[in-house]
Protein chains: 2
Amino acid sequence: MILTVTLNAAVDVTYRVPRLQPHTTHRVTEVVERPGGKGLNVARVLTALGHRAVATGFAGGGTGDALRALLAQETSVTDALVPVGGATRRTVAVVDESTGDTTQLNEPGPTVTPAEWDTFMATYRELLADARAVALCGSLPPGVPVDVYARLTRAARTADVPVLLDTSGEPLRRGLAARPDLAKPNADELAALTGSTEPLRAARDARRRGAHTVAASLGADGMLVVTADGAWQAAPPRRIAGNPTGAGDSAVAGLLSGLVEGLSWPARLTRAVALSAATVRAPAAGEFDRGTYEDLLGEIRVVEHPVGV
Amino acid sequence: MILTVTLNAAVDVTYRVPRLQPHTTHRVTEVVERPGGKGLNVARVLTALGHRAVATGFAGGGTGDALRALLAQETSVTDALVPVGGATRRTVAVVDESTGDTTQLNEPGPTVTPAEWDTFMATYRELLADARAVALCGSLPPGVPVDVYARLTRAARTADVPVLLDTSGEPLRRGLAARPDLAKPNADELAALTGSTEPLRAARDARRRGAHTVAASLGADGMLVVTADGAWQAAPPRRIAGNPTGAGDSAVAGLLSGLVEGLSWPARLTRAVALSAATVRAPAAGEFDRGTYEDLLGEIRVVEHPVGV
């Protein structure tokens with residue numbers, strides 16, 4: 001199985017309103033609730049690709065119960081979330097139907113106690129015993145040590161399980177120092193980490209900071225991978241219109257499934273870019289349009305960057 | 001005991017954000033959840049005045065469980081909510097800390113099935129047997145017949161229990177036809193009902209539509225009561241600054257408690273206006289500032305309107 005870690009899982013709530021006008025009262029016309037959090041999205045896409053995926057992290061309170069119920073009803077992801085006393089956070093996306101724009105309100109999440117953290121670490125180590133790869137995804141809830149991704153990376157390396165790290169800011173910086181097999185920042189995260197807005201240069205810099213391989217997701221420009229052996233880039237053959245939420249999570253699922261299946265880097269890159277673009281055509285994160293995905297697989301060209309340039 | 005009915009109860013969620021900017025992402029800095037719905041607010045204020053209050057209506061889903069837990073933790077209101085299959089709604093108030101303004105997002109609420117409605121009616125009739133008065137409060141959830149307040153008023157009259165009706169629009173119009181003892185519209189609701197923005201004229205019109213007595217809450221202008229025997233008005237002696245949410249619900253609690261205690265109309269009016277103003281000084285609906293309340297009781301003057309003017 002492939003393990004995904006979502007320390008700050010959420011119930012993602014979408015409200016539709018005819019028109020959002022600050023400082024007035026709105027009757028919400030539609031309420032949709034979904035299991036939320038990057039690692040859960042990755043796990044859903046992995047199951048759609050035929051892999052067994054186990055999701056861990058924290059869940060608590062009434063919203064934690066709701067999250068677990070949604071996960072069981074809507075996905076075939078195996079639930080290995082660890083109970084906590086605090087309540088799982090909600091994220092609320094308010095969609096203005098007059099413009100299609102979204103206003104996002106993200107709750108901070110429950111504070112994790114030291115005892116809960118210890119329980120999580122024990123569960124994580126047990127799960128690693130059966131894992132062929134692990135993805136560490138997203139932001140941290142209050143109370144979790146900021147070097148958590150370094151600890152989780154070291155535990156995975158001890159268990160000989162390849163690690164993909166997908167986070168940002170200080171948790172990314174600290175996590176890289178523990179030498180994960182693969183880091184997947186987006187262009188903004190990469191620039192914040194390295195100070196460089198030139199992706200190839202920044203990705204090489206990020207490798208020097210500890211990641212064996214860096215896969216940078218570049219939006220409409222596709223994805224750039226820099227490994228010890230070379231650098232490759234691939235982009236969709238045309239602009240794909242739609243909702244980009246979850247596109248990066250699908251790219252992570254593409255990279256991880258390709259790793260487990262022993263694909264070459266160009267093949268992994270093709271899969272990641274096709275899945276990412278097919279997610280833009282799907283209504284929600286954690287889903288992708290299978291027709292778009294299969295069409296794109298044959299159309300994506302991978303370009304190799306000359307060594308050292 | 002005094003019975004309050006809240007057919008569209010809610011979990012009221014308040015989010016604080018540093019500054020609300022539509023079409024961007026916000027980190028919510030504080031999340032507060034409270035039991036919500038006009039009848040629940042009335043019941044809380046009644047218990048603070050020393051009365052036993054029983055709240056009925058509907059509760060369902062994870063949010064229904066959360067509502068009941070909050071009611072048990074935070075209030076001494078007796079929970080007689082009827083379970084439904086749908087989930088209790090949330091209301092989300094987004095407070096912009098840079099301006100203090102609030103943007104409100106109200107979910108529609110669960111659809112009540114005919115069988116659930118029958119169960120509610122049976123529960124309501126049982127509760128009436130012990131009730132000294134009943135308040136019918138707020139909007140209707142989907143699936144509830146629009147003439148529901150007329151039915152509930154008739155059942156209360158059959159049981160010889162005085163009825164206060166506090167709603168708006170078509171449910172108010174239909175409810176008045178069943179001749180409740182007291183209707184408590186605010187100025188806007190009264191104008192929408194009667195077409196008149198002159199409160200005394202509009203309140204007399206509302207009496208002709210069926211209510212034995214009309215108590216109109218007029219914001220800073222206090223409250224106007226028109227009965228078969230006369231008309232009285234009272235206002236706070238000075239402008240009270242603060243949050244008016246729940247002020248009308250506290251006025252209902254003042255009127256109902258005064259009725260049960262056998263107070264004169266001027267005394268009921270004084271209590272309702274003092275409670276309403278003291279609620280403006282409290283942080284949330286269902287609460288009031290006791291010092292402000294007690295100070296105001298001695299300061300409010302009641303004016304009698306000449307008959308027929």
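Cut-offs applied
- Residues numbered from 1 in each chain as written.
- Chains lettered and ligands numbered in written order.
- Predicted model: local features only at pLDDT ≥ 70, side-chain atom pairs only at ≥ 80, totals over all residues.
- Heavy atoms only, no water.
- UniProt positions renumbered as here; feature names shortened; annotations may be inferred.
- Helix = DSSP H or I, 4+ residues; strand = E, 2+ residues; numbered from the N terminus.
- Buried < 20%, exposed > 50% of the residue type's maximum accessible area, 1.4 Å probe, protein only.
- Lys, Arg positive; Asp, Glu negative; His and termini not counted.
- Salt bridge = Lys/Arg side-chain N within 4 Å of Asp/Glu carboxyl O.
- Polar contact = N/O pair within 3.5 Å; in protein donor to acceptor, adjacent residues only side chain to side chain.
- Pairing = 2+ DSSP bridges.
- Contact = heavy atoms within 4.5 Å.
- Axes fitted to C-alpha atoms, helices over the stretch in contact; angles between N-to-C directions.
- Least-squares fit on C-alpha atoms with pLDDT ≥ 70 in both.
- Buried area = accessible area lost by both parts, 1.4 Å probe.
- Nonpolar A, V, L, I, M, F, W, Y, C, P; charged D, E, K, R; others polar.

An unreviewed UniProt entry lists chain A under the name 1-phosphofructokinase family hexose kinase, with Streptomyces rimosus subsp. rimosus given as the organism. Looking at chain A in UniProt, the text filed under Sequence similarities (unreviewed entry) is "Belongs to the carbohydrate kinase PfkB family."

Peer 1: I'm lost on the side chain of Arg89(B) in this one. Help?
Peer 2: Residues and elements named next belong to chain B. On the secondary structure map, arginine 89 appears in strand β7 (residues 89-96). No salt bridge is formed by the buried arginine 89; the nearest opposite charge belongs to aspartate 12, separated by 6.2 Å. Here the side chain of arginine 89 touches asparagine 8 through a polar contact of 2.9 Å, landing on its backbone oxygen.

Peer 1: Teacher, can you tell me more about the sheet that holds strand β5 (residues 53-60) of chain B here?
Peer 2: In any sheet, the strands associate via hydrogen bonds between backbone groups, in a parallel or an antiparallel arrangement. All names here are of chain B. Reading across from one edge, β6-β5-β1-β9-β10-β11-β12-β13-β14-β15 is the order of the ten strands in this open sheet, with mixed pairing throughout. Each end of this open sheet is capped by a strand with a single partner; those strands are β6 (78-84) and β15 (302-305). Here seven bridges tie β5 to β6, and the two strands are oriented parallel to one another. Bridge pairing in β6 links valine 54 to threonine 78. Relative to the sheet, helix α3 (residues 114-128) contacts β1 (2-6), β5, β6 and β9 (133-137), its axis offset from that of β5 by approximately 170 degrees. Running at roughly 160 degrees to β9, helix α8 (residues 247-260) makes contact with β1, β9, β10 (163-166), β11 (182-183), β12 (213-217) and β13 (223-226) of the sheet.

Peer 1: Is there a simple way to explain the environment of Asp229(B) in this structure?
Peer 2: The residue Asp229(B) is located in the loop between β13 and β14 (231-234) in this model. Here the alpha-carbon distance between Asp229(B) and Pro110(B), two residues 119 residues apart in the chain, equals 42 Å.

Peer 1: It is not clear to me how unusual backbone geometry should be interpreted in this structure. Could you clarify?
Peer 2: Phi is positive for Asp160(A), which is not a glycine, with a value near 65 degrees. If you trace the backbone, Asp160(A) turns up in the loop between α4 (148-158) and β10 (163-166). The class of Asp160(A) is exposed, set by a relative accessible area of 72%. Here the phi dihedral of Arg179(B) falls at roughly 60 degrees; this positive angle occurs in a residue that is not glycine. Mapped onto the elements of the fold, Arg179(B) is located in the loop between α5 (169-176) and β11.

Peer 1: Would you mind going over the relation of the copies chain B and chain A with me for this structure?
Peer 2: Both copies of the chain are related by one operation, a rotation about an axis with a shift along it. Expressed as a screw transformation, the operator carrying chain B onto chain A has a rotation angle of 180 degrees and an axial translation of 0.0 Å, and the superposed copies differ by an RMSD of 0.0 Å. Here the two chains are linked by the operation of a two-fold rotation axis. Among all residues of chain B, the one whose C-alpha sits closest to the rotation axis is Gly62(B), at a distance of 3.0 Å. Most of the interface of chain B is mirrored in chain A, where 100% of its interface residues are also at the interface.

Peer 1: Mind showing me how you'd approach the pairing of strand β2 (residues 10-17) of chain A here?
Peer 2: Working note: regular strand, side chains alternate between the two faces of the sheet. Residues and elements named next belong to chain A. Judged from the seven bridges that link them, β2 and strand β4 (residues 30-36) form a sheet pairing that is antiparallel. Paired with tyrosine 15 across the bridge in β4 is valine 31. Both β2 and strand β7 (residues 89-96) contribute to a ladder of eight bridges, which runs parallel. Residue pairing for β7: aspartate 12 is matched across the bridge by threonine 91.

Peer 1: Before we go on, may I ask you to explain the sheet that holds β7(A) in this structure?
Peer 2: Taken in spatial order, the five strands make up an open sheet running β4(A)-β2(A)-β7(A)-β8(A)-β3(B), and their pairing is mixed. The sheet terminates laterally at β4 of chain A together with β3 (25-27) of chain B, the two strands that pair on one side only. Strand-to-strand twist in this sheet, taken as the mean axis angle between neighbours without regard to direction, amounts to 20 degrees. Across the sheet, helix α2 (residues 61-74) of chain A touches β2, β4 and β7 of chain A, and the angle it forms with β4(A) is around 85 degrees.

Peer 1: What should I look at first to understand the interface of chain B and chain A in this one?
Peer 2: The partner chain A presents 27 residues to the 27 residues of chain B that form the contact. Of the roughly 2,300 Å² buried between chain B and chain A on both sides combined, carbon and sulfur atoms contribute 57%. The interface formed by chain B and chain A includes two salt bridges. Arg90(B) is paired through a salt bridge with Glu33(A); the nearest N and O atoms lie 2.6 Å apart. For the interface between chain B and chain A, the tally reads 16 residue pairs in polar contact (both at pLDDT 80 or more). Listed by contribution, the elements that provide at least two residues to the side of chain B that touches chain A are β2 (10-17), β3, β4 (30-36), β7 and β8 (102-106) of chain B. Of all the elements, β8(B) adds the most residues to the side of chain B that touches chain A, at five residues. A per-class count over the side of chain B that touches chain A returns eleven nonpolar, ten polar and six charged.

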